[in-house]
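# Geometric and topological summary
As a plain string of letters, each chain reads:
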Number of protein chains: 2
Amino acid sequence: MRISELARASGVAVATIKYYLREGLLPPGRSTSATQATYDEGHLQRLRLIRSLVEVGGLPLAKVRAVLAVIDDPGPDPYAAVGDALAALPPYVRDEPPYARATAALEAIGLAHDPGSAAVAQLEAALAGLEAAGRPLDAEAVGRYAEEVAAIARREVASVEPDGSGVHDDPVATVVQDVVLGTVLVEPVILALRRIVHAALFRERHAAGDDGQNPAASR
Amino acid sequence: MRISELARASGVAVATIKYYLREGLLPPGRSTSATQATYDEGHLQRLRLIRSLVEVGGLPLAKVRAVLAVIDDPGPDPYAAVGDALAALPPYVRDEPPYARATAALEAIGLAHDPGSAAVAQLEAALAGLEAAGRPLDAEAVGRYAEEVAAIARREVASVEPDGSGVHDDPVATVVQDVVLGTVLVEPVILALRRIVHAALFRERHAAGDDGQNPAASR
């Protein structure tokens, strides 16, 4: 397809596509003349991935580049490749390991983890933030969240592979792309739903008393 | 306490505290001389709130100001005040209502919601992002997440009020501050744990076969 068709199919402006081409985020099309090129389904997929990372994930271009670099050259180890790609996703944490709070909590609750991974660094920053705000979360509280979150994660992983097949037939790059998109795109769904449920519970509580002052009445 | 002691207690640099004072985010201390002022526990609490919003929540100063404005003058309706404060938290969504995808999904699953709220706008953006990436989430899938998330939210709300008392004794401002901090500080914990559990499941799967090519073996 021509660049104008690629723009229509992806919802990305031609100027933006040209920018991605110049920046090397999108591989060049196949030249059909001195001034024209043609693009394929691969370009469309790549463009959708970039837009997800930029618009939903809020990644700066340097981090988009880092994710794409892993997808373009993932190496043989899917676990390492996924870890590298996820490390380029926000939130960006400045602290260096060891991540004492996170590691202590994860060990206490017996959750397997890579102590130097970006996700553990993010947990450390989150726990440090709670502590700094005067609302520390102890290992037991982290454990409750971990159990609830594990229920979500297990279902998600099972649904990716409903019949015990699937991911292992894909090249590593596809796995990385799936995990990156599953992270960037689904996280906002989970957070938005939590806020919506909180609001519903909050409204329920405040509707329970005549004057909104008796939230316990419905219990 | 003096500004240097406030800095030590809060972990915020004196220069940053002075900046917040100039910007009106932090109310002035009580003057003890022409060049000195003294600060109290209220200043420390306010400073902690600002740091949580800036460092953990990633709010720009204009949005911090919006949250503080609600806390300083919440009005009589806690539900409205909480809604106003949460609307100042990221992710910031540009789209205007109606939020067709989100509303349709929430109605299909029977989850009470305010159709014009920021959280519904965020869900809409998230669902639109999934759709644009070629991975739409149908109402049934949203419903599964909503159920799992509701389990977390119900426990959280119950733990705030373990004996049926608590929040209703606090002024509206305290409720708003609690909800804001519970949102900003706990969301990163949930997301970090989801990434950690995914990594653990992923590693388990790839360790299941000798060559990492038989992820279904452990099932």
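Note that the structure is a prediction, hence the values are computed from the model and not measured.

## Observations concerning the overall build of chain A
Check the secondary structure of chain A and you find nine helices and two strands. Ordered by position from N to C terminus, the α and β elements of chain A give α-α-β-β-α-α-α-α-α-α-α. When each of the 219 residues of chain A is scored for burial, the buried share is 45%. Of the contacts made within chain A by residues no fewer than 6 positions apart, 55% connect residues no fewer than 24 positions apart. Here chain A has roughly 10400 Å² of accessible surface; of this, 52% comes from carbon and sulfur atoms.

## Considerations on the packing of helix H1 (residues 3–10) of chain A against helix H2 (residues 14–22) of chain A
Residues and elements named next belong to chain A. Across the interface, H1 lies against H2 with an axial gap of 9 Å and an inter-helix angle of 105°. Looking at the two axes, H1 sits roughly perpendicular to H2. Contacts between H1 and H2 involve Ile-3, Ser-4, Leu-6, Ala-7 and Ser-10 from the former and Val-14, Ile-17, Lys-18 and Leu-21 from the latter. Looking at the contact of H1 with H2, its residues break down into six nonpolar, two polar and one charged.

## Thoughts on the interface of chain A and chain B
Taken together, the contacts link 74 residues of chain A with 75 residues of chain B. With both sides pooled, the region where chain A packs onto chain B buries about 7300 Å², and carbon together with sulfur makes up 68% of that total. Looking only at chain A, the three residues that lose the most surface to chain B are A:Tyr79, A:Arg194 and A:Arg195, adding up to 11% of its buried area. Linking chain A with chain B are 20 residue pairs in polar contact (both at pLDDT 80 or more).

## As for the relation of the copies chain A and chain B
Note on the identical chains: chain A maps onto chain B by a rotation of 180° and an axial translation of 0.0 Å, with an RMSD of 0.0 Å. Given the turn and translation reported, the copies of this chain are related as if by a two-fold rotation axis. Proximity to the rotation axis, assessed at the C-alpha, singles out A:Glu148 in chain A; its C-alpha lies 3.7 Å from the axis.

## A closer look at the side chain of A:Glu187
With respect to the helices and strands, the residue A:Glu187 is situated in helix H9 (residues 172–208). Within polar-contact distance, the side chain of A:Glu187 engages the side chain of B:Arg195 at 2.8 Å.

## Here we look at the packing of aromatic side chains
Tallying each qualifying case throughout the model produces four aromatic pairs over all chains. Plain terms: the ring middles of A:Tyr19 and A:Tyr20 are 6.1 Å apart, the flat faces sit at 45° to each other, and that makes the pair tilted. Residue class for A:Tyr19 comes out partly exposed when judged on its relative accessible area of 33%. A centroid spacing of 6.5 Å and a plane angle of 25° characterise the contact between A:Tyr79 and B:Phe202, whose relative ring orientation is stacked.

## Thoughts on the confidence of the model for chain A
The predicted coordinates of low-pLDDT regions are not to be read in fine detail. Residues and elements named next belong to chain A. Of the residues in chain A, 90% reach a pLDDT of 70 or more, and the chain-wide mean stands at 88. Mean pLDDT in chain A bottoms out at H9, which sits at 91, and peaks at helix H6 (residues 100–109), which reaches 97. Note on residues 162–169: pLDDT is under 50 here. Beyond four places in sequence and across chains, it has seven contacts. Scoring the predicted complex yields pTM 0.89 and, for the interface, ipTM 0.89.

## Here we look at the pattern of salt bridges
If you walk through the whole model with that rule in mind, you get 20 salt bridges over all chains. Between A:Asp72 and A:Arg46 there is a salt bridge whose closest N-O contact spans 2.4 Å. Of this pair, A:Asp72 sits in helix H4 (residues 61–72) while A:Arg46 sits in helix H3 (residues 41–56), and the two are 26 residues apart along the sequence. Exposure remark for A:Arg46: the relative accessible area of 15% places this residue in the buried category. Across the salt bridge formed by B:Glu23 and B:Arg65, the nearest N and O atoms sit 2.8 Å from each other. Remark: B:Arg65 occurs in helix H4 (residues 61–72) and B:Glu23 occurs in the loop between helix H2 (14–22) and strand S1 (30–31); sequence separation between them is 42 residues. By relative accessible area, which is 30% here, B:Glu23 ends up partly exposed. Taken together, the shared-partner salt bridges in this structure form one network comprising A:Arg101, A:Glu124 and A:Glu131.

## Examining the packing of helix H1 (residues 3–10) of chain B against helix H3 (residues 41–56) of chain B
Residues and elements named next belong to chain B. Between H1 and H3, whose axes approach to 10 Å, the crossing angle comes to 45°. Judged by the angle between their axes, H1 and H3 are oblique. Every pair of crossing elements has a handedness; the one defined by H1 and H3 is right-handed. Only His-43, Leu-44, Leu-47 and Arg-48 of H3 make contact with H1, whose side of the interface consists of Leu-6, Ala-9 and Ser-10.

## A few points about unusual backbone geometry
Note the cis peptide between A:Pro97 and A:Pro98, where omega equals 5°. Within the fold, A:Pro98 resides in the loop between helix H5 (78–86) and H6. The linkage connecting B:Pro90 with the following residue, B:Pro91, adopts the cis geometry, with an omega of 0°. Its place among the elements puts B:Pro91 in the loop between helix H5 (78–86) and helix H6 (100–109).

## A short note on the nonpolar core
If you look at the biggest cluster of nonpolar residues, it comprises 65 residues, and the most contacted ones within it are A:Leu123, B:Leu53, B:Val176 and B:Leu193. In terms of residues, this core owes the most to one element, helix H9 (residues 172–208) of chain B, which gives 16 residues. Among all residues touching B:Leu193, those that are not within four sequence positions of it are A:Leu106, A:Leu111, A:Leu123, A:Val142, A:Tyr145, A:Ala146 and A:Val149. A:Ile50, A:Ala85, A:Val175 and B:Val120 belong to the second-largest nonpolar core, a separate cluster that totals 64 residues.

Criteria and cut-off values
Residues numbered from 1 in each chain as written. Chains lettered and ligands numbered in written order. Predicted model: local features only at pLDDT ≥ 70, side-chain atom pairs only at ≥ 80, totals over all residues. Heavy atoms only, no water. Helix = DSSP H or I, 4+ residues; strand = E, 2+ residues; numbered from the N terminus. Buried < 20%, exposed > 50% of the residue type's maximum accessible area, 1.4 Å probe, protein only. Contact = heavy atoms within 4.5 Å. Areas by Shrake-Rupley, 256 points an atom, 1.4 Å probe, with all protein chains shown as cover. Axes fitted to C-alpha atoms, helices over the stretch in contact; angles between N-to-C directions. Parallel < 35°, antiparallel > 145°, perpendicular 65-115°, else oblique. Nonpolar A, V, L, I, M, F, W, Y, C, P; charged D, E, K, R; others polar. Buried area = accessible area lost by both parts, 1.4 Å probe. Polar contact = N/O pair within 3.5 Å; in protein donor to acceptor, adjacent residues only side chain to side chain. Least-squares fit on C-alpha atoms with pLDDT ≥ 70 in both. Phe/Tyr/Trp six-rings, centres within 6.5 Å; stacked < 30°, edge-to-face > 60°. pLDDT = per-residue confidence, 0-100. Salt bridge = Lys/Arg side-chain N within 4 Å of Asp/Glu carboxyl O. Left-handed = near helix turned anticlockwise from the far one by under 90°. Core = buried A, V, L, I, M, F, W, Y, C linked by side-chain atoms within 4.5 Å.

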